[in-house]
Amino acid sequence: MRGTILIQHERTGPMSSPYPDLNDPALRDRAVRAAQGQEAFDTLLVNGRVADVATGEVREADVGLVGALIASVHPRGTFHEAGEVIDLGGRIVAPGLIDSHLHIESSMVTPRTYAGVVVPQGTTTICWDPHEVGNVGGLEAVRWAIAASRGLPLRIIVLAPSCVPSAPGLERSGAVFDGNAMEEMLSWPEVGGVAEIMDMRGVLARSPLMRSITQAGLESGKLVCGHARDLAGRGLQGFLAAGIESDHEITSEADLLEKIRAGMTIELRVSHEDILPQAVALFGRLGHVPQTVTLCTDDIFPDDLVSRGGMAYMLRRLVQIGLDPVQALRAATLNTAMRLQRRDLGLVAPGRRADLVVFDDLTEFRAHHVFASGRHVAENGELCEALRPDPVTAPTETMKLALTTEQSFHIPATGTHARVRTVAIPRTTRWGERDVAVRDGHVVIPHDAALMAVFNRYGASSVPGLGILEGWGEWSGAVATTVLHDSHNLAVIGRGEADMMLAANTLIRSGGGMVAVRDGKVLAHLELPVCGLLSAAPPTEVARQFNAVREACASVTTWNGQTAVIKLMIGASLACNPGPHVTDMGITSGMTGEVVTDCVLA
């Protein structure tokens with residue numbers, strides 16, 4: 001370590017050009033002279049190859065940097081004078097990777113820690129929707145997100161959370177953002193636009209809330225991002241007609257093609273790898289990757305982020321599947337820069353910002369050098385200099401919930417048998433019904449089902465929403481989490497009131513996190529005291545603890561489907577999506593607005 005990295009961030013978003021740090025006349029004078037051999041470069045990268053995402057070529061070239069600018073990309077050996085000369089040994093110079101959509105909170109670390117992981121992997125710009133912390137802490141949490149993003153070697157373009165809560169009337173979060181809140185956030189220079197609009201039903205019904213939020217985005221001239229899961233035909237057309245521009249909720253090749261044809265910006269995500277082969281096959285039939293296709297990570301768990309990476313892993317997978325590596329790079333750089341209206345980013349070209357990554361090859365995408373605004377910030381997988389300390393205190397103590405009792409996990413019923421409505425099938429949920437036994441005045445959860453209880457942790461109610469889950473395997477314990485898309489209430493899933501109570505109370509006492517319990521014992525526990533979502537611990541430690549919880553959660557159920565139990569768990573309350581989901585209000589339906597507070601039919 002050679003000191004502390006302090007990166008001066010330019011204003012972000014489509015309204016931020018020109019860029020004062022790049023357009024300083026003295027800097028441009030120096031760059032022009034250096035490009036003509038009249039003055040030395042600050043840094044000269046020699047004996048490399050440039051991944052030209054404009055032409056599709058990988059060509060031999062040297063690259064000269066002056067301050068934050070690329071001053072020249074020229075034939076090898078043309079110039080020799082520089083403050084520092086770095087021999088690349090045939091490695092490949094590419095634009096810094098740009099992640100078009102993500103939630104840092106899914107990696108369960110702070111922005112500072114996140115930057116320390118992804119910058120050495122080659123990511124230099126991200127578009128962060130702090131939707132999760134916004135749902136917990138409101139505008140103050142979004143202000144914290146912006147402050148915590150400053151002064152890092154990672155350019156963090158913060159987007160304004162649009163759906164707090166994500167499904168109004170179906171769940172209760174820690175805040176409510178209306179059109180006035182959106183206007184305020186969009187007035188902040190660091191905010192690049194409206195983050196994913198998830199309330200599809202509200203958009204299509206032109207609800208006053210979603211109409212005002214969307215309109216604020218349109219009038220700001222900034223991005224208006226979307227979430228259009230399962231929308232097609234008239235619904236998709238109406239969603240776009242409202243002014244929404246993008247989507248990452250791609251479910252099939254047909255869905256992807258329809259959305260490309262509709263003019264949407266696609267944020268193809270690595271967090272749902274099963275769609276990538278279909279996407280590559282479609283691009284092959286089209287003969288190219290459309291300009292409107294960008295790449296994103298969306299939600300990456302901490303152990304995956306540390307062990308395999310984010311955007312670099314996405315590139316690696318796409319190339320393994322068969323996509324041309326330079327086309328993949330273009331989607332991860334220039335396409336996103338154009339989407340963001342960032343004319344300074346996305347190319348290795350004179351006059352552009354010197355956000356660069358030097359890869360060993362275009363197969364594994366291992367970053368050997370990383371430059372951010374001309375600064376050499378990472379080498380051989382490690383930061384060159386220490387990150388600055390966190391400038392603001394993170395929000396904690398967000399569990400406004402008393403300890404629970406075993407009675408909280410009872411579904412009241414009379415007689416000896418009852419018929420109940422259930423949530424059948426994980427992820428792509430459907431309504432179900434079944435007959436159950438009744439004992440001691442409450443439903444007996446069938447051996448092949450699980451109980452899900454969601455407690456509002458913001459003080460709105462002490463009574464949980466309850467529902468029976470089918471298709472999750474047979475359970476021998478309980479899991480609990482405050483990482484619960486998207487209102488991040490406290491959810492407990494499993495069997496046995498004592499284990500479920502222990503799981504819930506463990507998280508209430510620790511300020512939030514994830515835990516697995518069996519037979520009255522805590523198997524694994526990850527504490528996430530920042531908003532009940534994040535830890536300030538080192539990334540390797542968060543990854544280790546998360547992996548222990550992941551394995552413990554898998555051990556308390558016989559579920560053996562493709563999606564890990566821990567991923568099913570955190571998405572089990574996503575009320576904005578089609579189908580029934582258990583929230584703090586009961587069992588709700590995202591596309592109909594139905595709320596079932598008592599699942600017992602008779």
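To start, this report covers the structure provided alongside it. A quick note: this is a predicted structure, and the numbers were derived from the prediction, not measured.

**Regarding the pattern of salt bridges**
- Going through the model one piece at a time under the given rule, you end up with 37 salt bridges.
- Of the charged contacts in the structure, one is a salt bridge between Arg150 and Glu190, with a shortest N-O distance of 2.7 Å. With Arg150 in the loop between α3 (131-149) and β9 (155-160) and Glu190 in the loop between α4 (179-187) and β10 (191-197), this pair connects stretches of sequence that are 40 residues apart.
- When salt bridges with common partners are traced through the structure, they connect Glu273, Asp303, Asp304, Arg308, Arg317 and Arg550 into a single cluster.

**Brief notes about the nonpolar core**
- Counting residues in each nonpolar core, the largest one holds 173 residues, and the members touching the most others are Leu329 and Ile493.
- The biggest single contributor to this core is α3, with 8 residues.
- Look past the residues within four positions of Ile493 in its chain and what remains in contact with it is Ala450, Leu451, Met452, Leu469, Trp472, Trp475, Gly477, Ala478, Val479, Met500, Met569 and Ala572.
- In this structure, Leu45, Ala61, Ile70 and Phe371 belong to the second largest nonpolar core, which totals 14 residues.

**Comments concerning the packing of aromatic side chains**
- Taken as a whole and assessed by the stated rule, the structure comprises 5 aromatic pairs.
- Summarising the aromatic geometry, the rings of Phe301 and Phe546 are spaced 4.7 Å apart at their centres and angled 40 degrees between planes, so their arrangement reads as tilted. Of this pair, Phe301 sits in the loop between β14 (293-296) and α10 (302-307) while Phe546 sits in helix α15 (residues 539-555), and the two are 245 residues apart along the sequence. We note that Phe301, like Phe546, is buried.
- Both rings, one in Phe359 and one in Phe365, keep their centres 5.3 Å apart while their planes meet at 85 degrees; by these two values the pair is edge-to-face.
- Since its relative accessible area comes to 2%, Phe365 is described here as buried.
- The ring of Tyr19 is capped by Arg353, whose NZ or CZ atom sits 6.0 Å from the centre of that ring.
- The side chain of Arg421 reaches across the aromatic face of Trp431, ending 3.9 Å from its centre.

**Side note on the state of the cysteines**
- Counting across every chain of the model gives 0 disulfides.
- Cys296 carries a free sulfur, and the closest cysteine sulfur to it, the one in Cys127, is 9.7 Å from it.

**Considerations on the side chain of Ser72**
- Summarising the element assignment, Ser72 is placed in strand β4 (residues 69-74).
- On the basis of relative accessible area, Ser72 is assigned to the buried category, the value being 7%.
- A polar side-chain atom of Ser72 sits 2.7 Å from a polar atom in the side chain of His74.

What counts, and at which threshold
- Residues numbered from 1 in each chain as written.
- Predicted model: local features only at pLDDT ≥ 70, side-chain atom pairs only at ≥ 80, totals over all residues.
- Heavy atoms only, no water.
- Salt bridge = Lys/Arg side-chain N within 4 Å of Asp/Glu carboxyl O.
- Helix = DSSP H or I, 4+ residues; strand = E, 2+ residues; numbered from the N terminus.
- Core = buried A, V, L, I, M, F, W, Y, C linked by side-chain atoms within 4.5 Å.
- Buried < 20%, exposed > 50% of the residue type's maximum accessible area, 1.4 Å probe, protein only.
- Contact = heavy atoms within 4.5 Å.
- Phe/Tyr/Trp six-rings, centres within 6.5 Å; stacked < 30°, edge-to-face > 60°.
- Lys NZ or Arg CZ within 6 Å of the ring centre and 35° of its normal.
- Disulfide = S-S within 2.5 Å.
- Polar contact = N/O pair within 3.5 Å; in protein donor to acceptor, adjacent residues only side chain to side chain.

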